[in-house]
Amino acid sequence: MDDLRATIESVFRNEAGRIIAGLIRVSQSFDVAEEAMQDALAAALVTWPVKGLPDNPAAWITAAAHRKLVDYARRERTRRDNEGQLQYEIESRHTAPPFSPMAAINIPTEDDRLRLIFTCCHPALNEEAQIALTLRTLGGLTTSEIARAFLVPEPTLAQRLVRAQRKIQQAKIPYEVPPAGRLPERLRSVRAVIYLIFNEGYAASSGGSLVRRELCAEAIRLARILAEMMPDNPENMGLLSLMLLHDSRRDARADEDGQLVTLEEQDRTRWHHDQVAEGIRLVERALGRRSLGPYQLQAAIAAVHAEAA
């Protein structure tokens, strides 16, 4: 039972960003999308121990969450006696055949996640809100996990998320990838938020530990998503490379007393050389595009340090 629950939680963490992005596109609401996602997870915890793990757990959760959106819309229609936009959009994707959790319906696309990350990092939101929303939606972290990571009370973090989501609704911030003319500027903001998350983990500004590995890991995962969605962008590659190269040294950065160990004094046998190799490959690819940016430059410097004997 514990193994199954761990599997469910792992699927939820790994697929949450992809699934919730599609739910937000359909529902046009962060709150409704998150409620549907949580209800689908609860259904999995009840159903899977009895019927077994489905062949495609992510598709099962996606289908269950979309069914919840239909249920919410029907209840709202009954209460208001009219059809809103949510009902129209959802039912246009769910036709007469009986609901099947394994049906391949409306699987979220990479475009959904791309739209979501630009929405979370919209300049109308302050930096703290951008970071919290990005970790909550695309990172799949719970409110309590984010609050613990940044050492703030959970109610404070919850209020921050609510205010950010409300601002998106009230300001009618579009759920979209910006037009080509605004893309470079907005993409810089997205990368900056991801790197801020990484830096808070890599050189923790508070707390008893020099490195908060869970934040570094989430930032790297988010950078991977960005690089996969926009694979021809050299600065996306540079950002991912830079964080991989820095993170490769995490086990050698502090001594037994938790004190910082300088680069030249670190035990390089404790470095994660698979990350070093990947980081070097990425920065070499990025530099080959001949469109130099600050993340590529920093990654190139980090690569030189990583290759030194």
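Worth saying up front: this structure is predicted, and the values here are computed from it rather than measured. (Residues numbered from 1 in each chain as written. Predicted model: local features only at pLDDT ≥ 70, side-chain atom pairs only at ≥ 80, totals over all residues. Heavy atoms only, no water.)

**Regarding the overall build of the protein chain**
Part 1 of the argument: If you tally the helices and strands in the protein chain, you get 13 helices and zero strands.
Part 2 of the argument: Start at the N end of the protein chain and walk to the C end: the helices and strands fall as α-α-α-α-α-α-α-α-α-α-α-α-α.
Part 3 of the argument: For the protein chain, the proportion of its 309 residues judged to be buried stands at 49%.
Part 4 of the argument: Of the contacts formed within the protein chain by residues at least 6 apart in sequence, a portion of 70% connects residues at least 24 apart. (Helix = DSSP H or I, 4+ residues; strand = E, 2+ residues; numbered from the N terminus. Buried < 20%, exposed > 50% of the residue type's maximum accessible area, 1.4 Å probe, protein only. Contact = heavy atoms within 4.5 Å.)

**A short note on helix α12 (residues 273–287)**
Part 1 of the argument: The terminal C-alpha atoms of α12 lie 21 Å apart, and with 15 residues this matches the ideal 21 Å at 1.5 Å per residue to within 8%.
Part 2 of the argument: All of the buried residues along α12 are Q275, V276, G279, I280, L282, V283 and A286. The buried residues of α12 all sit within an arc of 165° when viewed along its axis, so they share a single face. Away from its buried face, by an angle of more than 90 degrees, α12 presents the exposed residues D274 and R281.
Part 3 of the argument: Those residues of α12 that are buried lie in contact with α10 (213–229), α11 (234–247) and α13 (294–307). (Expected span 1.5 Å × (residues − 1). Arc of directions from axis to C-beta.)

**A look at empty space enclosed by the protein**
Part 1 of the argument: In this structure the tally under the stated criterion is two cavities of 30 Å³ or more.
Part 2 of the argument: In this structure, the largest cavity spans a volume of roughly 60 Å³.
Part 3 of the argument: As for the largest cavity, its lining consists of F12, A16, G17, I20, E34, M37, Q38, R136, T137 and G140.
Part 4 of the argument: Looking at the lining of the largest cavity element by element, the count peaks at four residues for helix α1 (residues 2–27).
Part 5 of the argument: The class makeup of the residues in the lining of the largest cavity is four nonpolar, four polar and two charged.
Part 6 of the argument: Taken as a whole, the second largest cavity spans an internal volume of roughly 30 Å³.
Part 7 of the argument: For the lining of the second largest cavity, the elements supplying multiple residues, two or more each, are α1 and α10. (1 Å grid on protein atoms, 1.4 Å probe; cavity = no way out; pocket = protein on both sides within 12 Å on 5 of 7 lines; lining within 4 Å. Points joined across faces, edges and corners; volume = space filled by probe spheres on them. Nonpolar A, V, L, I, M, F, W, Y, C, P; charged D, E, K, R; others polar.)

**Regarding the confidence of the model for the protein chain**
For residues with low pLDDT, the predicted coordinates do not support detailed interpretation.
Part 1 of the argument: Looking at the protein chain as a whole, the pLDDT averages 82, with 85% of positions reaching at least 70.
Part 2 of the argument: Low confidence marks residues 94–108, where pLDDT is under 50. Its contacts with residues over four positions away, or in another chain, come to 28 contacts. (pLDDT = per-residue confidence, 0-100.)

**Examining the packing of α12 against α13**
Part 1 of the argument: For the pair α12 and α13, the least separation of the axes is 10 Å and the interaxial angle reads 140°. Taken together, the axis directions place α12 and α13 in an arrangement best described as oblique. Classified by chirality, the crossing of α13 by α12 is left-handed. Residue-level contacts link V276, I280, V283, A286 and L287 of α12 to Q296, A299, A300, A303, A306 and E307 of α13. (Axes fitted to C-alpha atoms, helices over the stretch in contact; angles between N-to-C directions. Parallel < 35°, antiparallel > 145°, perpendicular 65-115°, else oblique. Left-handed = near helix turned anticlockwise from the far one by under 90°.)

**Points about the nonpolar core**
Part 1 of the argument: One finds L116, I194 and M243 to be the most contacted residues of the largest nonpolar core, which totals 87 residues.
Part 2 of the argument: At 11 residues, the largest contribution of residues to this core is made by α1.
Part 3 of the argument: Residues within four places of L116 in sequence aside, it is in contact with G17, I20, A21, I24, F30, T137, L138 and Y175. (Core = buried A, V, L, I, M, F, W, Y, C linked by side-chain atoms within 4.5 Å.)

**Details of the packing of aromatic side chains**
Between two aromatic rings, the relevant description is the distance of the centres plus the angle of the planes.
Part 1 of the argument: For the coordinates displayed, the defined rule picks out three aromatic pairs.
Part 2 of the argument: Here W48 and W60 contribute two aromatic rings whose centre-to-centre distance is 5.4 Å and whose plane-to-plane angle is 75°, an arrangement assigned as edge-to-face. Of this pair, W48 sits in helix α2 (residues 30–51) while W60 sits in helix α3 (residues 57–80), and the two are 12 residues apart along the sequence.
Part 3 of the argument: Owing to a relative accessible area of 1%, W48 belongs among the buried residues under this scheme.
Part 4 of the argument: Ring plane angle 90° and centroid distance 5.6 Å describe the contact between Y195 and Y295, whose orientation is recorded as edge-to-face. Highlighted residues: Y195 in helix α9 (residues 183–202) and Y295 in helix α13, separated in sequence by 100 residues.
Part 5 of the argument: Given the relative accessible area of 13%, Y195 is considered buried.
Part 6 of the argument: Members of the aromatic cluster, connected to one another through ring pairs, are Y195, F198 and Y295.
Part 7 of the argument: The ring centre of W271 lies 5.8 Å from the NZ or CZ of R249, which sits over that ring. (Phe/Tyr/Trp six-rings, centres within 6.5 Å; stacked < 30°, edge-to-face > 60°. Lys NZ or Arg CZ within 6 Å of the ring centre and 35° of its normal.)

**Considerations on unusual backbone geometry**
Leaving glycine out, the prevailing phi sign among residues is negative, and the prevailing peptide bond configuration is trans.
Part 1 of the argument: Unusually for a residue other than glycine, Q28 sits at a positive phi of about 60°.
Part 2 of the argument: Among the secondary structure elements, Q28 is positioned in the loop between α1 and α2.
Part 3 of the argument: You can call Q28 partly exposed: its relative accessible area is 40%.
Part 4 of the argument: The phi dihedral of R290 is positive, around 55°, even though this residue is not glycine.
Part 5 of the argument: Inspection of the secondary structure assignment puts R290 in the loop between α12 and α13.

**Remarks on the environment of E185**
Part 1 of the argument: By the secondary structure assignment, E185 is in helix α9.
Part 2 of the argument: Judged by relative accessible area, E185 falls into the exposed class, the value being 54%.
Part 3 of the argument: The spatial distance from the C-alpha of E185 to the C-alpha of P123 is 9.9 Å, given a sequence separation of 62 residues.

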